[in-house]
Amino acid sequence: MAARLRHSTIAVLAAAALLGGCASGDTGANEPWDPLETPNRFIFSINRAVDIIAIRPVAVLYRDWMPAPAQRGVHNVLDNLGEPVTAINEVVQGDPSRAATTMARFLVNSTIGLAGIFDVATSFGLTRTKEGAGNTVGYYAGVEPENGGFYLVLPLAGPSNARDAAGLMADYAVDPFRILTFALNVDWLYYSGPRWGATVIDVRSRTLFALDDLEKNSVDYYAALRSAYTQQRADIIRQKREKTDPRSELQRRDNLALVR
C-alpha cells in the first residue's frame, strides 16, 4: 500500500508540474490563463450562493460570539494538524533542517500544547512555516510563479489553478492523519468532516473584511478574486525561491486573508 501511495503521489506531482508549465508563454499575474472561464464562473456563482446562505453567516457568528482565545485555539489546532504535511514538503524541497523544526513544533504543541490548542513551540523559538505540494511544484518549476497552469474554481474551495489543485490532492494523499484514519477504518464524518468544516469557518472568519472590501471595490468580483489569488500565490512562491523570511510571508498571507 505504501508503494502504491508513493507512486500515486509522484504521479500527481508530475501532473501538476506538466499542467503548471503547459500554458503558451508566461500567463502573468495581471492576465491569469482562464480557458475554462464559463464553467469556472458557474461554479463561482454556486460557491457564492452557498457562502451567502450558509458559510458567511456562520463565520460572522463565530467571529463575533466565539471568545478570541477559543478562536486562537481552534486555529492553532488546525495549524498543528497540518505540520506533518508541511514537513514532508520541506523535505522534498531539500530543507530537512526546516522539516525537523516543523516536526519538533508538532511534537511540542501536540504534548505540552495540549493537542495543539496552545502554540508553545513558538515561545521555544520554533517558528512556524506553512508549505504544500503546490508550493513545492512552484518552487521547482522552470516558469514564472504566476504561471500555475489554467485557473480553476473548485467547488466549495474557491480559487485555485492546475498546479495548486494537484498540490491539494498530493497533500491529501500524503497526510499521515488521513492515512491513519483510513488504516483504522475511521468514518470520514468523525475526523475529516469536522476538520474540513472547522477549516472552512476559521478561514472564512479571517477573510470577512478582505473579501467584502474586494467585492465592494471591484466591477467584476470574479475577475478581481482571480487576479488577487494569482498574485498572492505568485508572491508566496517567489518568496520561497528567493528564500525570504517565512514569518513575513505568513504575516502577509494573514493580512491579505486570501488563503486556500
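For the structure itself, consult the block above.
Below: a short report on this structure. (Residues numbered from 1 in each chain as written. Predicted model: local features only at pLDDT ≥ 70, side-chain atom pairs only at ≥ 80, totals over all residues. Heavy atoms only, no water.)

1. A short note on the overall build of the protein
And then number 1: Within the protein, the regular secondary structure consists of 13 helices and 2 strands.
And then number 2: The proportion of buried residues among the 260 residues of the protein is 45%.
And then number 3: Across the protein, every contact between residues at least 6 apart in sequence was considered, and the portion connecting residues at least 24 apart equals 71%. (Helix = DSSP H or I, 4+ residues; strand = E, 2+ residues; numbered from the N terminus. Buried < 20%, exposed > 50% of the residue type's maximum accessible area, 1.4 Å probe, protein only. Contact = heavy atoms within 4.5 Å.)

2. Points about the nonpolar core
And then number 1: One finds Phe 44, Tyr 151, Val 153, Leu 211, Tyr 221, Tyr 222, Leu 225 and Tyr 229 forming the largest nonpolar core, which totals 8 residues.
And then number 2: Elements with a minimum of two residues in this core: β1 (151-154) and α12 (221-242). (Core = buried A, V, L, I, M, F, W, Y, C linked by side-chain atoms within 4.5 Å.)

3. Examining the pattern of salt bridges
Close approach of charged atoms allows side chains with opposite charge to pair.
And then number 1: By the definition in use, this model includes 18 salt bridges.
And then number 2: With its nearest N and O atoms 2.7 Å apart, the salt bridge here joins Arg 204 to Asp 51. Here Arg 204, found in helix α10 (residues 192-206), pairs with Asp 51, found in helix α2 (residues 37-65); they are 153 residues apart in sequence, far enough to count as distant.
And then number 3: Overall, Arg 204 belongs to the buried group, its relative accessible area being 9%.
And then number 4: With a relative accessible area of 15%, Asp 51 lands in the buried category. (Salt bridge = Lys/Arg side-chain N within 4 Å of Asp/Glu carboxyl O.)

4. So, a nonpolar patch on the surface
And then number 1: Residues Leu 156, Tyr 172, Trp 188, Leu 189 and Trp 196 make up a contiguous nonpolar surface patch of roughly 590 Å² in combined accessible area.
And then number 2: Turning to its location among the elements, Trp 188 is positioned in the loop between α9 (176-183) and α10. (Patch = residues over 30% accessible without salt bridge, like charges linked within 9 Å, V, L, I, M, F, W, Y side chains within 5 Å. Areas by Shrake-Rupley, 256 points an atom, 1.4 Å probe, with all protein chains shown as cover.)

5. Regarding the pairing of β1
And then number 1: The pairing of β1 with strand β2 (residues 158-161) spans 4 bridges and is antiparallel. The residue of β2 that forms the bridge with Leu 152 is Ser 160.
And then number 2: Hairpin connection between β1 and β2: a loop of 3 residues separates the two successive antiparallel strands, and Leu 156 in this loop has a positive phi of roughly 65°. (Pairing = 2+ DSSP bridges.)

6. Points about unusual backbone geometry
And then number 1: The phi angle at Leu 114 is positive, at roughly 55°, despite the residue not being glycine.
And then number 2: Along the chain, the position of Leu 114 falls in the loop between α5 (96-111) and α6 (120-123).
And then number 3: Of note, Leu 156 is a non-glycine position whose phi angle comes to about 65°, a positive value.
And then number 4: The residue Leu 156 is located in the loop between β1 and β2 in this model.

7. Looking at the packing of aromatic side chains
Each aromatic ring pair is summarised here by two numbers: the centre-to-centre distance and the angle between the ring planes.
And then number 1: Scanning the entire structure with this criterion turns up 7 aromatic pairs.
And then number 2: Ring geometry for Phe 106 against Phe 177: centres 5.9 Å apart, planes inclined by 65°, an arrangement best described as edge-to-face. Here Phe 106, found in helix α5, pairs with Phe 177, found in helix α9; they are 71 residues apart in sequence, far enough to count as distant.
And then number 3: A relative accessible area of 14% means that Phe 106 is categorised as buried.
And then number 4: Between Phe 177 and Tyr 191, the ring centres sit 6.3 Å apart and the planes meet at 35°, which makes this aromatic pair tilted. Taken together, the positions of Phe 177 in helix α9 and Tyr 191 in the loop between α9 and α10 put the pair 14 residues apart, joining distant regions of the chain.
And then number 5: Taking NZ or CZ as reference, Arg 178 lies 4.9 Å from the ring centre of Tyr 172, over its face. (Phe/Tyr/Trp six-rings, centres within 6.5 Å; stacked < 30°, edge-to-face > 60°. Lys NZ or Arg CZ within 6 Å of the ring centre and 35° of its normal.)

8. Let's talk about helix α3 (residues 68-81)
And then number 1: Over its 14 residues, α3 runs 20 Å from end to end, which matches the ideal 20 Å to within 8%, given 1.5 Å per residue.
And then number 2: Buried within α3 we find Gln 71, Gly 73, His 75, Asn 76, Leu 78, Asp 79, Asn 80 and Leu 81. (Expected span 1.5 Å × (residues − 1).)

9. Quick notes on the packing of helix α7 (residues 133-140) against helix α8 (residues 162-174)
And then number 1: Packing of α7 against α8 brings their axes to within 7 Å, and their N-to-C directions diverge by 125°. Judged by the angle between their axes, α7 and α8 are oblique. For the pair formed by α7 and α8, the contact residues are Ala 133, Gly 134, Val 137 and Gly 138 on the first element and Arg 163, Asp 164, Gly 167, Ala 170 and Asp 171 on the second.
And then number 2: A breakdown of the residues in the contact of α7 with α8 according to their chemical character gives 3 nonpolar, 3 polar and 3 charged. (Axes fitted to C-alpha atoms, helices over the stretch in contact; angles between N-to-C directions. Parallel < 35°, antiparallel > 145°, perpendicular 65-115°, else oblique. Nonpolar A, V, L, I, M, F, W, Y, C, P; charged D, E, K, R; others polar.)

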